[in-house]
Amino acid sequence: MEIDLASYTTNVVNIADGTVMTIDGKIITGTNQLVVPADATVTVSGEGEVYANDRGGFQVLAGATLNASGITITSNNNGKGAAIYTENAEALNLEDVTINTAYRGIDGRSVKTISAKNVTINSTASVLDMATNGNVTPAYAFKVWNGCVATLENVTINAIHGCLSVLGDGSVATLNNCNFTTKDTNATSKDAYYTVYVCDNAVVNIKSGNYSSPRYAVVLDDDDQTGLTYGTVNLYGGMFSQKAYNMMTKEEVAPATGYTYEATGDTAYPWTVVAAQ
């Protein structure tokens, strides 16, 4: 079954607290996103799709929790929100969710915790969009910021501009067995950026997984908000297309204490991080 909410005149469609929703068909939204209201808890599951025809699919507001499993979220409007947007929310818990987006997949702004397990995000956002869409700012597929603590396990992100950005005091992301890849739009575009970007006192812990970019896979930088302090990345494992890099010092980032880089001989992932002998 297909439900088209795009013609509703209201700007939001509030989901009642305690709702347990199964989506096996297709829900189409316009500017009227599906909203988990303040302090509410909503659980969504199924094999269906939320298709965001304008802006994003879900908003999760102050003190609210969204638990989602199995569904697909598609957001096709570049520069107008995220497939899932949080603001001062309590928690975002995702498992076996697929997100296809022309902009940002998850905007974890000021949400206390994010748990993402077996999640796939495909994003086509690119710096090239700025030329065609005016003031659109290129977006990372997954943004963790403003004090959010996120745990990502078996998360796959395929992107152009970037996979994961982590910013702000108290923001921490721990990555277990993730697979992040950025690729240029074409052979001459050079619009692919980093798989992991850390800024403004944020912390990223990489335990395992594969991280590949035509530039640097993992960077400490401030290129989206010039002048901010850099963050910290702790490398405990993983396979990388390049060694992690600090844009301020122009130096490679060493792995965590007790760990070291080791050459793999593999062309796609020439470096791995292992326990020092």
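The preceding data block contains the structure.
Here is what the cut-offs are and how they apply
Residues numbered from 1 in each chain as written. Predicted model: local features only at pLDDT ≥ 70, side-chain atom pairs only at ≥ 80, totals over all residues. Heavy atoms only, no water. Helix = DSSP H or I, 4+ residues; strand = E, 2+ residues; numbered from the N terminus. Rg over C-alpha atoms; globule rule 2.2 N^0.38 Å. Buried < 20%, exposed > 50% of the residue type's maximum accessible area, 1.4 Å probe, protein only. Contact = heavy atoms within 4.5 Å. Areas by Shrake-Rupley, 256 points an atom, 1.4 Å probe, with all protein chains shown as cover. Lys, Arg positive; Asp, Glu negative; His and termini not counted. Charge placed at Lys NZ, Arg CZ, Asp CG, Glu CD. Pairing = 2+ DSSP bridges. Phe/Tyr/Trp six-rings, centres within 6.5 Å; stacked < 30°, edge-to-face > 60°. Lys NZ or Arg CZ within 6 Å of the ring centre and 35° of its normal. Salt bridge = Lys/Arg side-chain N within 4 Å of Asp/Glu carboxyl O. Core = buried A, V, L, I, M, F, W, Y, C linked by side-chain atoms within 4.5 Å. Axes fitted to C-alpha atoms, helices over the stretch in contact; angles between N-to-C directions.

1. Focus: the overall build of the protein
Within the protein, the regular secondary structure consists of one helix and 32 strands. For the protein, the C-alpha radius of gyration of 19 Å lies close to 19 Å, the compact-globule estimate for 277 residues. Overall, the protein is about 60 × 40 × 35 Å in size when its C-alpha atoms are taken along their principal axes. Counting only residues that meet the buried cut, the protein has 52% of its 277 residues in that class. For the protein, contacts bridging at least 24 residues in sequence account for 56% of all contacts bridging at least 6. Total accessible area on the protein is roughly 11600 Å²; 47% of this is exposed by carbon and sulfur atoms. Of the side-chain charges in the protein, 14 are positive and 27 negative, and the distance between the mean point of each set is 5 Å.

2. A closer look at the sheet that holds strand β20 (residues 164–167)
Read across the sheet, 11 strands follow the order β2-β5-β8-β11-β14-β17-β20-β23-β26-β29-β30 without closing on themselves; strand pairing throughout is mixed. Two strands in the sheet have a free side with no partner beyond their single neighbour: β2 (12–14) and β30 (251–252). Bridging between strand β11 (residues 82–87) and strand β14 (residues 104–109) involves five bridges; their strand directions are parallel. The residue of β14 that forms the bridge with A82 is R104.

3. Regarding the packing of aromatic side chains
Taken as a whole and judged by the stated rule, the model has seven aromatic pairs. On the numbers, 5.5 Å between centres and 90 degrees between planes, the contact of Y236 with Y259 is edge-to-face. Linking Y236 in the loop between β27 (232–235) and β28 (239–240) with Y259 in strand β31 (residues 259–263), this pair joins segments that are 23 residues apart in sequence. Centroid distance Y261 to W271: 6.3 Å. Interplanar angle 70 degrees. Geometry classified as edge-to-face. With Y261 in strand β31 and W271 in strand β32 (residues 271–275), the pair connects residues that are 10 residues apart, well separated along the chain. Accessibility expressed as a relative area gives 14% for Y261, which makes it buried. A residue is classified by how much of its surface remains accessible, and W271, at 27% relative accessible area, is partly exposed. In textbook terms, an aromatic cluster arises when at least three aromatic residues are bridged by ring pairs, as seen for F180, Y211 and F240. Positioned above the aromatic ring of W145 is the side chain of K143, whose terminal nitrogen or guanidinium carbon lies 3.8 Å from the ring centre. Across the ring face of Y193, the terminal group of R215 is positioned such that the distance to the ring centre comes to 3.8 Å.

4. Details of the pairing of strand β23 (residues 196–199)
The side-chain alternation of β23 yields two buried faces, one formed by V196 and V198 and the other by Y197 and C199. As paired strands, β20 and β23 are joined by four bridges and run parallel to one another. Along β23, the bridge assignment pairs L164 with V196. In the sheet, β23 pairs with strand β26 (residues 218–220) via three bridges, with the strands oriented parallel. In the sheet register, V196 faces β26, and the bridge partner there is V218.

5. Points about the pairing of strand β19 (residues 156–159)
Of the two faces of β19, the one lined by I157 and A159 is fully buried and the one lined by T156 and N158 carries no buried residue. The sheet contact formed by β19 and strand β22 (residues 178–182) spans four bridges and is parallel. Across the sheet, the residue bridging to T156 is N179, located in β22.

6. Description of the pattern of salt bridges
For the structure on display, the rule yields four salt bridges. Between E90 and K112 there is a salt bridge; the shortest N-O distance is 3.3 Å. Within this pair, whereas E90 is found in the loop between β11 and β12 (91–95), its partner K112 is found in the loop between β14 and β15 (113–117), the two being separated by 22 residues in sequence.

7. Focus: the side chain of T65
By the element assignment, T65 lies in strand β9 (residues 65–69). Residue classification places T65 among the buried residues on the basis of a relative accessible area of 11%.

8. Side note on the nonpolar core
The biggest cluster of nonpolar side chains holds 74 residues, and the ones touching the most others in it are F58, F142, L175 and F180. Beyond its immediate sequence surroundings of up to four residues, F142 is in contact with I106, I114, A116, I121, L152, I157, C163, L164 and S165.

9. A word on the side chain of T181
Topologically, T181 is positioned in strand β22. Those residues within four positions of T181 in sequence are excluded, and the remaining contacts are I157, N158, A159, C163, T195, S212 and Y269.

10. Here we look at the sheet that holds strand β24 (residues 203–206)
The sheet built from nine strands is open, its strands ordered β3-β6-β9-β12-β15-β18-β21-β24-β27 with parallel pairing. The sheet terminates laterally at β3 (20–22) and β27, the two strands that pair on one side only. When strand polarity is set aside, the average angle formed by the axes of neighbouring strands in this sheet is 10 degrees. Here β24 runs beside β27; their pairing, made up of four bridges, is parallel. Paired with V204 across the two strands is V233, which belongs to β27.

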